[in-house]
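What the coordinates show
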Amino acid sequence: MELIPHLKERGLRITPQRLLILEAIISQEGHPTAEDIHQYIPYTSLTTIYNNLKLFVKLGILNELPYGNGLSKYELNHSKHYHVICQECGKIVDFNYPNLKEVEHVASELTNFHILYHQFEVYGICSSCQDEES
């Protein structure tokens, strides 16, 4: 797993549980929740999963995507991109639109802020949910 050197650089012990959690995130399609990861590795406690997810977010290895009801989804922090989110089922699809990256520069120029980052999300109804409504 190419993340191992990344973990070692941050002084993190490489435990079997941490490797399984990262493997679960990489192998599952979409953006899994802690509960999705627990279903993938049920022999690892949910507490261990939550603690490691928090640690990975703090270290910048993962992005946490909080979406209502205390529910968060997770993804590797490997590239800047945006999300389209289904209002019905919560499915998240990544997309990239390079022109939006200019937003930080424009915001900085107009406000004299030092911009750290931005988020952009688009909400709609995915094709699966549209098919169910028909």
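The rules we used
- Residues numbered from 1 in each chain as written.
- Predicted model: local features only at pLDDT ≥ 70, side-chain atom pairs only at ≥ 80, totals over all residues.
- Heavy atoms only, no water.
- Helix = DSSP H or I, 4+ residues; strand = E, 2+ residues; numbered from the N terminus.
- Buried < 20%, exposed > 50% of the residue type's maximum accessible area, 1.4 Å probe, protein only.
- Contact = heavy atoms within 4.5 Å.
- Areas by Shrake-Rupley, 256 points an atom, 1.4 Å probe, with all protein chains shown as cover.
- Phe/Tyr/Trp six-rings, centres within 6.5 Å; stacked < 30°, edge-to-face > 60°.
- Core = buried A, V, L, I, M, F, W, Y, C linked by side-chain atoms within 4.5 Å.
- Axes fitted to C-alpha atoms, helices over the stretch in contact; angles between N-to-C directions.
- Parallel < 35°, antiparallel > 145°, perpendicular 65-115°, else oblique.
- Nonpolar A, V, L, I, M, F, W, Y, C, P; charged D, E, K, R; others polar.
- 1 Å grid on protein atoms, 1.4 Å probe; cavity = no way out; pocket = protein on both sides within 12 Å on 5 of 7 lines; lining within 4 Å.
- Points joined across faces, edges and corners; volume = space filled by probe spheres on them.

Before going further, it helps to examine the overall build of the protein chain. A count of helices and strands for the protein chain gives 6 helices and 5 strands. Listing each helix as α and each strand as β along the protein chain from the N terminus yields α-α-α-α-β-β-β-β-α-β-α. Counting only C-alpha atoms, the protein chain reaches 45 × 45 × 25 Å along its principal axes. Put simply, the protein chain has 134 residues, and 30% of those count as buried. Contacts in the protein chain between residues at least 24 apart in sequence constitute 42% of all its contacts with a sequence separation of at least 6. Counting only carbon and sulfur atoms, one obtains 51% of the accessible surface of the protein chain, whose full area is about 9,000 Å².

We now examine the packing of aromatic side chains. Per the stated rule, a full pass over the model turns up 3 aromatic pairs. With a centroid separation of 6.4 Å and 75° between ring planes, the pair formed by phenylalanine 95 and phenylalanine 120 is classed as edge-to-face. Highlighted residues: phenylalanine 95 in strand E4 (residues 92-95) and phenylalanine 120 in the loop between helix H5 (102-111) and strand E5 (121-124), separated in sequence by 25 residues. In this structure phenylalanine 120 comes out as partly exposed when scored by relative accessible area, which is 33%. Feature note: the residues Tyr82, Phe95 and Phe120 constitute an aromatic cluster, connected by ring pairs.

The next point concerns the nonpolar core. One finds Ile21, Leu22, Ile25, Ile37, Leu53, Phe56 and Leu62 to be the most contacted residues of the largest nonpolar core, which totals 17 residues. Secondary structure elements with two or more residues in this core: helix H1 (3-9), helix H2 (16-27), helix H3 (34-40), helix H4 (46-58) and strand E2 (72-76). Residue contributions to this core peak at 4 residues, all from H2. Aside from chain neighbours lying at most four places away, what touches isoleucine 21 is Ile37, Ile41, Thr48, Ile49, Asn52, Leu53 and Phe56.

Between two packed helices, both the angle of their axes relative to each other and the distance between the axes serve to describe the pair. Relative to each other, H2 and H4 sit at 75°, their axes nearing to 10 Å. Here H2 lies roughly perpendicular to H4, going by the angle between them. Note on element contacts: H4 touches H2 through Thr48, Ile49, Asn52, Leu53, Leu55 and Phe56, opposite Gln17, Arg18, Ile21, Leu22 and Ile25. In terms of residue class, the contact of H2 with H4 is made up of 7 nonpolar, 3 polar and 1 charged.

All right, on to the layout of surface pockets then. Regions of empty space are outlined by a rolling probe, equal in size to a water molecule, passed over the atoms. The space that makes up the largest pocket amounts to roughly 490 Å³. Looking at the lining of the largest pocket, the elements with two or more residues in it are strand E1 (62-66) and strand E3 (82-86). Among the residues making up the lining of the largest pocket, the classes are represented as 6 nonpolar, 7 polar and 6 charged. Empty space within the second largest pocket amounts to approximately 260 Å³. Lining the second largest pocket are 15 residues, and of these Gln28, Glu29, Gly30, His31 and Asp94 lie nearest its centre. Breaking the lining of the second largest pocket down by element, the ones donating at least two residues are H2, E2 and E4. Residues that form the lining of the second largest pocket fall into these classes: 6 nonpolar, 4 polar and 5 charged.

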